[in-house]
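Observations on the model geometry
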Amino acid sequence: MNKLVKLAVVIVITFYTALSHAKIEIIDRVVALVDKDVVLASELVRRTNSIVDQIKSRNQAVPPIEKLREQVLERLILESLQLQMAKRAGVRISDTELDATIERIANDSKLSVEQFRKKIESEGLAWAIFREDIRNEIMISRVRKGAVTRRIKVSEKEVDNVLAQINQEGESRTQYSLGHILLPLSEGASPEEVSKVRQKAQNIVRQLRGGANFQEYAITHSAGENALSGGGLGWRSLSQLPSLFADSVRNMKANEVTEPLRSGSGLHILKLFESKGGFETHSVVQTHARHILITPNAILDEKAAYEKAQLLRQRVLEGEDFAELAVEHSDDKGSGALGGDLDWADPGTFVPEFTEAMDKLAINEISQAVKSEFGYHIIQVLGRRDQDQTEEKKRDRAYLILHNRKFEEEALLWLREMRDQAYIKIINDK
């Protein structure tokens, strides 16, 4: 018997011997069918373990693991639906954009990308999986922003009402640290379903007012976006809250819990942890800036767009006229025709990446290429001034307040409608 045959015999014998003594384990399985996608048990386990670690790091008690798994599975189902929509809409996140996002996350942690990678891997998460998690988060954010914004309608009458309130009371700088629990209800829920969920909500309110831990109840019961982190909404001003919440929170005291609040997405329970701040006048620091925008496209990829923006910056530094270059090259056709001029702008007018870079510039300084969702910007600050809000600016602010409030309300409704219309089958292993 030659060596190859002997080796084959040994392998076969070893295989059958191992089978006779070993317990066969399923490596992975499907735990949910979600339209044309699936949720795998391995992902459910990974995300559940991650949530458990986060809960322990906050020194909170871990809820019953089966209940926690149900919550995590629901989150994965909603993520799958949004990712499927993003892919159908053609949303793509390039490696260059992903790298830039991860670099910003690392910088926020005061780490280099390499240090940040080592930290992630030391926590037991493969770098490739982490990158895909972030890519998916960006895709979900983008498709949600597009889908929900199209649903928002703000009437002139609504703007008039908010403007009258601002003129009468001033605009509050008070911020509120809130907890939120959502018990979902579809708009077409029967009276029996509504009664059942309301009874559950009232029972939760009684328990919370009796001293039950809000974070634990949010993790166990809430269908809200922040449920798995304990339901915390962070610090919000009234203008950053849905109107349903703002009306209730305005007169609350620390540690108070609301009665269940009904909206189109379900019943909401709020707890005010604490508040801080006071009132502000309408004086703001306005910035006069101009920019040149280079947007990646089918011909100009991310790298080439960045390099073109940096080349234009160098040409400005060498003495070429910024306005002429903006007219010739900027992909922002509105400001480009004006030499890139963005006029005097209030804080919060531009996207965060643009604003952060602009605010760091001295007068007449030229920025490096700044990446935003629109492409690469070369920014020059022409001036800054303290400016009382004009009636027009106050009206714009009132519109923004309403838009932000309605966005959160509509986002919850959009998710619930998408969930109700999807084909979803939970596959139990019992």
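Attention in this report is confined to the structure presented alongside it.

Parameters and conventions
- Residues numbered from 1 in each chain as written.
- Predicted model: local features only at pLDDT ≥ 70, side-chain atom pairs only at ≥ 80, totals over all residues.
- Heavy atoms only, no water.
- Salt bridge = Lys/Arg side-chain N within 4 Å of Asp/Glu carboxyl O.
- Helix = DSSP H or I, 4+ residues; strand = E, 2+ residues; numbered from the N terminus.
- Expected span 1.5 Å × (residues − 1).
- Buried < 20%, exposed > 50% of the residue type's maximum accessible area, 1.4 Å probe, protein only.
- Contact = heavy atoms within 4.5 Å.
- Pairing = 2+ DSSP bridges.
- Axes fitted to C-alpha atoms, helices over the stretch in contact; angles between N-to-C directions.
- Core = buried A, V, L, I, M, F, W, Y, C linked by side-chain atoms within 4.5 Å.

Further remarks concern the pattern of salt bridges. The final tally for this structure, using the stated rule, is 25 salt bridges. Arg-151 serves as the salt-bridge partner of Glu-417, at 3.0 Å between the closest nitrogen and oxygen. Of the two residues, Glu-417 is situated in helix 15 (residues 391-421) and Arg-151 in the loop between helix 6 (127-149) and helix 7 (156-169); the sequence distance between them amounts to 266 residues. Taken together, the salt bridges that share partners define one network made up of Glu-43, Arg-46, Arg-47, Glu-79 and Asp-133.

Another aspect to go through is helix 4 (residues 95-108). Each full turn of the α-helix corresponds to 3.6 residues, which orients residues three or four apart in the same direction. The first and last C-alpha atoms of helix 4 sit 20 Å apart over 14 residues, in line with the 20 Å expected at 1.5 Å per residue. Among the residues making up helix 4, those that are buried are Glu-97, Leu-98, Thr-101, Ile-102 and Ala-106. Packed against the buried residues of helix 4 are helix 5 (113-122), helix 6 and strand 11 (370-372). Once helix 4 ends, the next one or two residues include Lys-110, with phi positive near 60 degrees.

A word on the sheet that holds strand 6 (residues 261-263). Backbone hydrogen bonds are what pair the strands of a sheet, in a parallel or an antiparallel way. Read from one edge to the other, the open sheet built from four strands follows the order 5-4-7-6, with strand pairing classed as antiparallel. In this open sheet, the two strands that pair with only one neighbour each are strand 5 (232-237) and strand 6. Between one strand axis and the next, the sheet turns by 40 degrees as a mean value, whatever way the strands run. For strand 4 (residues 175-184) and strand 5, the ladder comprises five bridges, and the chain directions are antiparallel. From the neighbouring strand, Tyr-176 faces strand 5, where its bridge partner is Arg-236.

Our next topic: the nonpolar core. Val-34, Val-39, Leu-68, Val-72, Leu-73, Ile-77 and Leu-81 are the most contacted members of the largest nonpolar core, which totals 34 residues. Listed by contribution, the elements that provide at least two residues to this core are strand 1 (30-34), helix 2 (41-57), helix 3 (65-88), helix 6, helix 7 and helix 15. When neighbours within four sequence positions are excluded, Val-34 is seen to be in contact with Val-39, Ile-77, Ser-80, Leu-81, Gln-84, Tyr-423 and Ile-424. Core analysis: the next-biggest nonpolar cluster, separate from the first, contains 17 residues, Ala-86, Val-91, Ile-120 and Ile-138 among them.

Backbone geometry at Asp-35 places phi at a positive 50 degrees, although glycine is not the residue there. Position of Asp-35 relative to the elements: it lies in the loop between strand 1 and strand 2 (37-40). You will see that Asn-59, though not glycine, has its phi angle at about 60 degrees, which is positive. Tracing the chain through its elements places Asn-59 in the loop between helix 2 and helix 3. The class of Asn-59 is exposed, set by a relative accessible area of 74%.

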